[in-house]
Structure formats: structure tokens, C-alpha cells
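# Chains, contacts and geometry: an overview
Chain by chain, the residues:
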Amino acid sequence: MTTRERVQTGSLAGERRQVTALYYDIVGSTTLLNQLDPEEFGAMQRSLHNGAAALISDYNGYLERVQGDGGCAYFGFPESREDAAECAVASAIEIVEWCEKLARQSESSLKVRVGITTGVVVIADASKTNLPGATEIIGVAPALAARIQSEAAPNSVAVAEATYRLTMGAFEFEEIGPRHLKGFGEPVLLWRPITRRQQFDRFTAYRRVSAPLIGREDELELCGRRWVRAASGNGQLILLHGDPGIGKSRLIAEFRRDLAAKGVRTLVFQCQPRGNSEPLHPFLEPLRKAIAETTGNADLDRDAVTRYLRSHGSELSPLNAEIITFLVAGETAGGAGEAWQVDLSDEEIRAHVVEAMLSLLTSSSALGPLLLIIEDVHWADTLTKALVAKLSGWIETRPILAAVTSREAIAPDVFGGPNVLAVALSGLTAQATAELISTIWEDSPPDGLVAFIYEKSDGVPLFAEQLALWIRERAKAGLPDRAGLEVLLRADSILDLRDLIAARLASLGPLRRVAQIASVLGRQFRRKLLACVLELGHLAIPLDEAIEGLVQAGIVRRKSGGMEIRFRHVLIQEAAYESLLKSERQEIHTSVVNLIQSGVAPPLSDETMAWHFGQAGQPVQAARHAIQAAEACDVRSAMQEAENLLDFAEKQLAQAGRNAESNEQLLRLLTVRGPVVAALFGRGSKQARAIYERGVSLCATIKDRDRAEWFPLYWGWWFTAPDYETQRARSDILVQDLEGSADPEVRLQSLHCAWATNIDAGLHSRCLKCVEQGLILYDEDRARFNRGRYGGHDAKVCGLGERAFSMWFVGDDNGASESIIAAKRWAEHISHPNSMLHALEFEIELKRYRNDYPGVIAVSERIGELGRATPGVLAKAALFRAWAEGMSGDAAAGVLAFETGLTRWREIATYEGAPVFEGMRSELFERAGRNDEALSILDSIIAASTSSGQVFWLAELLRQRAVLRHALGESQEAVVADLRRALEVSTEQRAAPLASRVRLDLDRLRL
């Protein structure tokens, strides 16, 4: 096969892409070669090529080839860029300037011409052919650029129409006119770029027209009627929902402006797309800023927050003030928890936090009617969503109108009250779109324009506005017909709103760079941080002038007296961000984190820092901040947000690879993730178990470290064991591994694990020994901040309760009673409701062991008084009560109540008390005359208890079955086998009361 044939059969694979081609050539190179010595000409030509190559590279171009006295380059390849045409023109102007400089230095007549055009090419893979190079660029653009350069005057640049349209906002041009070029049938209109634009009056083309709100009259009227009701003290909530750009914020702004003219006070809070991991982030950031401004203290310690709340006159209860202080200022130095938290479950913490924030937000309504705006709830964290869900009920009797915006409708079960109005915003009608375009065009729009924009925008106001501005800016020389408009859109690759915004950003000149850098900082950012980042580079104009230009262009808005900047729409920010090369983004993100770490720029939240470090290519640091942010979420019971952050952190650590530093962070991550996953999926879930098993496995690889540092992982590993025998074995490992730890609290908690599992295994002597050793290590101050971490109850209360159980089993009934009394007294002393409930759980079960029906009922009533917000304990108490009432009264009613309670119990809690509960259940069925069912229950629980290792009640279950079998007339051998095995188990466990019951039955049944 010939070479020609091999080339023809090569693969043509690649992509279609719009690029800008640049071709430069030395003018009269043959004449120069005759005038100069060949070495001099060669040196001068190399200098020109080297300078051109450097300039093309500086502007992110790709120099495809240099041949003789010319060269060809592409912009927008290999990396796509919205500013490719702008970069090409800028580099061309500087190539001419470089040539002029070389001519002066060499005292020669060296001159250059440059031609530029923009068009679609096919970028083909040539690696499987015999062609030179791995890529082949096929299209009209390269040939046209070469032809255009021949039409340029010496030391000048000529560009084709497409390039002119893309760059006329950034450069001053003069028209060269149409030229007939070889190989092209139609004349080509050429333009000469003169210089970059330095004046910014062109931004009048981008200024948003201050016209009346169009097409939303009905919605405004609805809002007005709801305001009348709210102002009279009948609080109202309006939910505006619809697609991005549909006009939610515009409608709210118009309504707000109308009320502001009447002196109505307004509070505005905005959810952020990258802020949704911090609980209540829309409210906390404005609150922190207000406190800093009011107190003059940038470091928001607790005293500053307290002073602000008092001076602000907020009608907050002491508890709500303490919660707000915690949310704003965080934990106390060295503290592991908060006084208001330690008594509460996660659900209770969330409820208190939401109530405290609602109290603060609405406190000023005492001074008069209030407009409360919460925007972009689709980005809200779970606590903010919980707050919004309670908002309508909270404001029902207050003079407040709450306006909430979201891209998504909110379910009726969340917003279903009579004071709630949900408004779905649809697209503008053709007539409303025409009115909008008329305000932008400033006179009658040309025929066909409205229909074209309406069709392309689909009635989305923001798209219609942006498209009208874009067309007007490009139609100065006359508006093309519909086909011409289609060509314009295709030429600029404009397919949707984001493409349109990207095209507009590309024409902003130096301001585009400011917008790009700002986009890296986020949807909303502080001017000071932007100034710090821009100081690292070069800005052709003053910063405030640049910001004002972006404001006039409709790109950003100023807030907080100009100290904060916000992109007018998230799509604008995203378009600016995506227009940056990845390498540039990384450099800017790196600059941000360096400035903040050095103290030059103000600090950002851990979540935001995690994102910056991740984008800067520093995964371990990104993970560290994400873990810290997750810890803050965990403390506030925002578990889903914590899980999202930890997922991000783990992906970052995977990028970092395995090393000492990443392993350290991974252990921290797993320590935080364990309780989060347990809360989300259940403490006995396979997800939680996997987290702790992985953590303990990793701990084993770290040498020469006190394992107490990672005790939460060990504790979770024990807590999530798949069965009781495994849990007991793990508790032994915890005690052994941590026996030498310098941390007495860790040693205590390892014994806490051990006494709980030893009693399940019927190892009562070992349980009593663990309790004795543990109580010696107990410290009341330390315990205050460890109850929530380890079981949610006080370790001393637990130890005294477990001691009571073991004492009863070994025959010391009086000692058991004294230990229960001590447990309750200590729970009262520390004023910890969950620990008091835990003590009562021990008491009610101990009374069940004794078959004390009235005692069980009395304790269940006491639990009911204390446990209204603790459904698990209430459900357990209900089971004991149903058993006691059924055994002492109506057995059938007892069975029904027990079965109902058992269903509820299994829904909300793990069934760790199964042997005792199933034994009670069987007794109820037997007493109700349902013996076969009672026997089936016993068969199942005896098998389960034996296989799981939870055997402390096994002797009693075997005794029950033996007595039931005898009543059913089963064989004497089966009855005797059960009783003998029960006696064997109770003797082995030294469970004297259970052994005594077995012996009594043997005598009673004469076996």
C-alpha cells in the first residue's frame, strides 16, 4: 500500500469547535533578505518568531507552525475559551508592536501583517495517519486568515466580520471594507483593530432599564392583599416558585420597593449554593456581620454576641439567647459541648435551634409590621428548611408577611395552612415580552424582533432581557433578518441562557477579568477579598470603577454599602467561572487560600475554605476544613449537611493518596462520620458498622500513639457489633487496649462498654468488677460533656443501674434496691433528664424481674411524666405497663396493648431488650389462653438468645417454656430437659433467683 493510500484511509475522529485563527507574515521578506546579511536576517526573523510565539502563548493561543517568514496560530484550541477571539486580537496588536520594536533596534524596515478570523473547524485525530503531528485542523478559518493578512496594511491587523462582532466591545475598530479574496466567492468585510477600549460608556448598552415590572400585575396584587392581612396582625406567608430567571427575585424586589416607600421595615435573607452545609447559613452570616458592626468587634466572642442581643432589644428568653450565642460564636474554648445541649436528643436540639432563630427573626415585629424575605430556599440547609416549614404557624398572630422564593414547589404537607399562598410563576406572555423589549430598545423594536426573542427565551424574563441587550449591542449597523439573527446565535454558539451570558461576558474587556476572578470567590463576596486577590495581578482600571462597570453592565449588585458584591444571578457567576481555564481557576483559588492563611484577607467559613482548597489542588487541607465544618454541623444536629461535607472530604483524601497526614485526617473524618451515619441510617446499620470497622482497622496501623485519641472509633466499633457475643469480645479488647491510657475518661468509657455487655452475657461477677473500677475513674465535670458522646446518658447512672441488675441476679436483692435508689439520686443531682430516664429504665426492668406489677405501673407513669420528647423510652415503658396490666387484670387487653406498643418500639429503636420483652409477651399470650402462640414466641426467642450471646434471661425463658409445655401435655422428657438446662445456665451465671425458680418448679411438678 502506498503512503498516499495510507493517508487517505487514516482515521478522521475528533470534534467540531469554534476557534479563532491567526496568521502573520513578514512584509517583503525577499526584499529584506537582499538588503541584509543572511545571518542578520535570520537573527531578526527568529526574534520575530520567538516574540510572536511568546505573545501567542501569553494569550493562551496555540502556535501550530512557523514556516519561513510567517506563522499560524489558533485560539480556543486545545482549550475552549469564550474569549478566544479577544485573545487573538490582543496578541496580534502586540505582535505588531513587537515587530516595530525589532525594526527600531535593527534599524531595518521590518514590518508584519496579521490576519484573523473566527469560524467552526473540525479538530481531527491524525495520530493513526502518516501526517506530521497528532492533530489536524480542518476548516475555512486557517485559509481565510492567511488570505486576510495579505489585505492588511503593513504593521497592522485585519479581522473578519465574525471576529469583529465578538470583540467590538473590547477594542476600537475602523472599517477596512469588503475585499474579494482568492478562493472565496463572496466579498469578505474586514475591520482593523486600533486599540483596546479604555472608556466604559459602552456599558450603557448593558445597563438594566429601570422600567416598571412587566407581566406580573396579578401576582403583585395578590401580594398586596396578603400584606393588608399581615399588617393587621394575621401573619401571612407567600411562596413564589418557578424556574431560574423566571422573575422571582424581580417580583419580590418590586413588592419590597412599594412597601419601603411606605416605611415598612424589611429583613432579607438569601440561601447560597455553596452555603447549604452550614446550618441556618442565610441568617447567621448577616447576624455575625451586624454584631461585628454594632460592637466594633470582628472576633465574635460570646460577650460580644450577648451585648448585641441585649442592646438590640430582642425579646429572647435566656435559653434562646444562649442558643443564638452558641450558633454565632461557636463552642467555648476547650469545651466539648453546651449546657443547653447535654440534656437533649438530636431532635430536641433541632427544635430548640429553630425556635430560637424564629424568635430572633420575628422579635422586631413588636415595633410594627415586618416584611421577611427568604430567597432561594432550594439551596437551604435542613435546619433552614425546618424553620421555613414552621414559619407560617409561628407568624400566624404576628404582623409579618414572609415571602419565600424557590425553584421548586414545596409539598402541601409542609405549607398547607390558611395563611399560606403558593404562587407558581410562569413565563411571560408574548405581549409582556414585547413590553419588556420596548423598555430595553428605548424605541419601537424592529419588526420580527419580539417574535424571535419570545421564541428563543420561552418567556423567561432574564433570558429575554439578556438576549435583547445582546442583539441591540450587535445591531448598531442594522438589524439582520430572522435568518441573520439565527446566524448570529450560531456564530457565537449561543444555545441557552448560560451561553448568552458567556458571550456577553466575553465583550466586557478588562471588566471580564474582574468578573472571572470574582466568580471564583462565589456568588457573594466581600470587596476586601476581591481587592486582595486583584492586587496579585494587574488591573488596568481602579477596582471601584471596575465594580461600577460590572454593576452598570447588570453583572453584579452592591450590598452593605458597597462592601459586599453579589452576582445578579447564579447563572452569570457560573458562566464567568466556567470561562476560566482550569489552571487559572486553580491559581486564583490558591491565591485566595494563601491570602487568608497569611492574614491578609478576612477569614471565610470552613465549608468555603474546603471548597477553595479543593479547587486549589490541596486535597488534605480541603478535607481538614470540610471535617471541621462537618463537626459544626454535627454539634447542631444537621446530620445530612455533615454527611455531605464528609463525603466531599473523603473524596479529597482519596485524591491525596495514603500517607501519614492523610491517614490522620481520615481518622478524624471517620470519628466524626460514625455518629452522623448512625443518626442517618441507625446505630445498628451496616453503614455505621462499616465506618467503625474501617476506623479501628486504620488505628491498628498507627504505631506509637495513645489509642485514647481515637476512642470514639473504638466505642462505635463496640456499639455497632453485629451480635452480643461479638460486642462482648470487643469490649474486652477495648479494656485491654486502653488500660494503659493516660486519659481516665477513656478508661472509664471502655469499662462502660464492658459492664453493659458482660451483663447481657450473664457474666455478673465481671460486670460488678467493671462497675467498681469504672466508678473510681468517674469525674462529674468530665462526665458533663461526655454524656452525649457515649450513649446519651451519664456513665455513673448507667454503672449504678447495671450494678443493681447484677446484684439482683447474684441474689443481693437489697443491694439491688439500694443501687437503683443511688442511680436515681445521682441523676437528680446532675439534673440530666436523659440520665433520669435511664435510671427509671433500670428500675422498671428490675421490678419486672421481681414480677412487681404495681411497681412496674408506677414507674411507667413516672417515665411518662419525664419522657414526652423521648419516644424510645416512652415506647419501652408502654410495653412494661401493658404486661403488668395484662398480668394483673384483663389479659386480652394486655395482649392488644403490648402488640401495638411492640410495633411502635420496633419502628423507633433497636430491640436490645428482646429476651425480656418476648418473655413478657409469651406470658401475656399464655394468660389470655393462647398457649400455642405463647410457645412459638418462646421457641423463637430462646433460639435467638442462644445464637446472639444475649443469654442473661435465657434460664428464665427455658423455665417458662418448661412450665408451658407441661400445661400443654407435652412429654415429660421435654419438660425436664428445659428445666435441667435452665438450672445449668442459671448456676453457671450464678443467677441465684433464677436457679431458685427452677428448683421450685422441679419440686412443684415432681420432676
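Not measured: the values here are computed from a predicted model. (Residues numbered from 1 in each chain as written. Predicted model: local features only at pLDDT ≥ 70, side-chain atom pairs only at ≥ 80, totals over all residues. Heavy atoms only, no water.)

### Considering the overall build of the protein
Broken down by element type, the protein carries 44 helices and 16 strands. Sequence separation of at least 24 residues holds for 70% of the intrachain contacts in the protein that already meet a minimum separation of 6. When the accessible surface of the protein is totalled, it reaches about 43300 Å², and 50% of it is carbon and sulfur. (Helix = DSSP H or I, 4+ residues; strand = E, 2+ residues; numbered from the N terminus. Contact = heavy atoms within 4.5 Å. Areas by Shrake-Rupley, 256 points an atom, 1.4 Å probe, with all protein chains shown as cover.)

### Brief notes about the pattern of salt bridges
Under the counting rule described, the total for this entry stands at 43 salt bridges. Arginine 668 is paired through a salt bridge with glutamate 631; the nearest N and O atoms lie 3.3 Å apart. Linking arginine 668 in helix α27 (residues 660-681) with glutamate 631 in helix α25 (residues 619-635), this pair joins segments that are 37 residues apart in sequence. Its relative accessible area of 34% is what places glutamate 631 among the partly exposed residues. Across the salt bridge formed by lysine 824 and glutamate 843, the nearest N and O atoms sit 3.0 Å from each other. Separated by 19 residues along the polypeptide, lysine 824 in helix α35 (residues 813-830) and glutamate 843 in helix α36 (residues 833-849) bring together distant segments of the chain. Three or more residues are tied together by salt bridges with common partners; here these are Glu643, Asp647, Glu650, Lys651, Arg673 and Arg694. (Salt bridge = Lys/Arg side-chain N within 4 Å of Asp/Glu carboxyl O. Buried < 20%, exposed > 50% of the residue type's maximum accessible area, 1.4 Å probe, protein only.)

### Regarding α35
For α35, with 18 residues, the first-to-last C-alpha span of 26 Å sits near the 26 Å given by 1.5 Å per residue. The set of residues buried in α35 consists of Gly815, Ala816, Ser819, Ile820, Ala823, Trp826, Ala827 and Ile830. Along the axis of α35, the buried residues cluster in a sector spanning 140 degrees; they form a single face. In α35, those exposed residues whose orientation departs by more than 90 degrees from the buried face are Asn814, Glu818, Arg825 and Glu828. Summarising the contacts, the buried residues of α35 are in contact with α33 (780-784), α34 (795-809) and α36. Directly after α35, the chain includes serine 831, whose backbone phi takes a positive value near 55 degrees. (Expected span 1.5 Å × (residues − 1). Arc of directions from axis to C-beta.)

### Here we look at the packing of aromatic side chains
Per the stated rule, a full pass over the model turns up 21 aromatic pairs. With 6.4 Å between their ring centres and 75 degrees between their planes, phenylalanine 171 and phenylalanine 173 make a pair best called edge-to-face. As far as the burial class goes, phenylalanine 171 and phenylalanine 173 line up, both buried. Relative to phenylalanine 809, the ring of tryptophan 808 lies with its centre 5.2 Å away and its plane at 80 degrees, an arrangement referred to as edge-to-face. Using a relative accessible area of 0% as the deciding quantity, one classes phenylalanine 809 as buried. Lysine 796 extends its terminal NZ or CZ atom over the ring of tryptophan 826, reaching a point 3.7 Å from the ring centre. (Phe/Tyr/Trp six-rings, centres within 6.5 Å; stacked < 30°, edge-to-face > 60°. Lys NZ or Arg CZ within 6 Å of the ring centre and 35° of its normal.)

### Examining the pairing of strand β6 (residues 156-160)
Counted residue by residue, β6 has five buried out of five residues, so it is predominantly covered. Side-chain alternation along β6 places Ser156, Ala158 and Ala160 on one buried face and Val157 and Val159 on a second face that is also buried. Taken together, the two bridges between β6 and strand β8 (residues 188-196) define a ladder with antiparallel strand orientation. Within the sheet, the bridge partner assigned to alanine 160 lies in β8 and is leucine 190. (Pairing = 2+ DSSP bridges.)

### Details of the sheet that holds strand β12 (residues 400-406)
As summarised here, the arrangement of the five strands in space is β10-β11-β12-β9-β13, forming an open sheet in which the pairing is parallel. Both outer strands of the open sheet, β10 (265-270) and β13 (420-424), are each paired with one neighbouring strand and no more. Mean inter-strand twist for the sheet, computed between neighbouring axes without regard to direction, equals 15 degrees. In terms of strand pairing, strand β9 (residues 236-241) meets β13 through five bridges, oriented parallel. From the neighbouring strand, histidine 241 faces β13, where its bridge partner is alanine 424. (Axes fitted to C-alpha atoms, helices over the stretch in contact; angles between N-to-C directions.)

### Some words on the sheet that holds strand β15 (residues 556-559)
The three strands are arranged β14-β16-β15 in an open sheet whose pairing can be described as antiparallel. For this open sheet the edge positions go to β14 (524-526) and β15, each flanked by a neighbour on one side alone. Neighbour to neighbour, the strand axes of the sheet diverge by 25 degrees on average, direction disregarded. As judged from the four bridges shared by β15 and strand β16 (residues 564-567), these two strands associate in the antiparallel manner. When the sheet's bridge partners are listed, lysine 559 is paired in β16 with glutamate 564.

### Looking at α27
Between its terminal C-alpha atoms α27 stretches 30 Å, which fits the 32 Å expected from 22 residues at 1.5 Å a residue. A maximum bend of about 30 degrees is found in α27 at arginine 673, where proline proline 675 lies one to four positions downstream. The opening residue of α27, the one whose side-chain oxygen lies 3.1 Å from the backbone nitrogen of glutamate 661, is asparagine 659. (Bend = angle between axes of the 7 residues up to and from the residue. Polar contact = N/O pair within 3.5 Å; in protein donor to acceptor, adjacent residues only side chain to side chain.)

### Quick look at unusual backbone geometry
Most of the time, phi is negative for any residue but glycine, and the peptide bond is trans. Even without being a glycine, asparagine 60 presents a positive backbone phi close to 60 degrees. When you line up the elements, asparagine 60 lands in the loop between α3 (38-58) and β2 (61-67). The exposure class of asparagine 60 is partly exposed, given its relative accessible area of 28%. Here the phi dihedral of leucine 280 falls at roughly 60 degrees; this positive angle occurs in a residue that is not glycine.

### Notes on the confidence of the model for the protein
In the predicted model, the protein carries a mean pLDDT of 81, and 85% of its residues have values of at least 70. Within the model, pLDDT remains below 50 along residues 198-211, and this stretch shows 37 contacts once partners closer than five positions in the same chain are excluded. pLDDT under 50 marks residues 332-337. Its contacts with residues more than four places away, or in other chains, come to seven contacts. (pLDDT = per-residue confidence, 0-100.)

### Details of the nonpolar core
One finds Trp755, Tyr849, Phe898 and Trp953 to be the most contacted residues of the largest nonpolar core, which totals 124 residues. Those residues in contact with tyrosine 849, other than ones at most four positions away along the chain, are Phe805, Trp808, Phe809, Val916, Phe952, Trp953 and Arg997. In terms of nonpolar packing, the next biggest core, distinct from the first, is built from 42 residues, Val353, Ala380, Leu383 and Ile400 among them. (Core = buried A, V, L, I, M, F, W, Y, C linked by side-chain atoms within 4.5 Å.)

### Points about the packing of helix α19 (residues 510-521) against helix α20 (residues 527-535)
One can describe the packing of α19 onto α20 by two numbers: an axis separation of 10 Å at closest approach and a directional angle of 120 degrees. One finds that α19 runs oblique with respect to α20. For α19 against α20, the interelement crossing comes out right-handed. The residues of α20 that touch α19, namely those facing Val514, Ile517, Ala518 and Leu521, are Leu529, Leu530, Val533 and Leu534. (Parallel < 35°, antiparallel > 145°, perpendicular 65-115°, else oblique. Left-handed = near helix turned anticlockwise from the far one by under 90°.)

### Some thoughts on empty space enclosed by the protein
To find leftover empty space, a probe the size of one water molecule is rolled over the atoms. For the structure shown, the criterion picks out five cavities of 30 Å³ or more. The volume enclosed by the second largest cavity comes to roughly 50 Å³. Of all the elements, helix α31 (residues 744-760) adds the most residues to the lining of the second largest cavity, at four residues. Here the residues of the lining of the second largest cavity sort into five nonpolar, four polar and three charged. (1 Å grid on protein atoms, 1.4 Å probe; cavity = no way out; pocket = protein on both sides within 12 Å on 5 of 7 lines; lining within 4 Å. Points joined across faces, edges and corners; volume = space filled by probe spheres on them. Nonpolar A, V, L, I, M, F, W, Y, C, P; charged D, E, K, R; others polar.)

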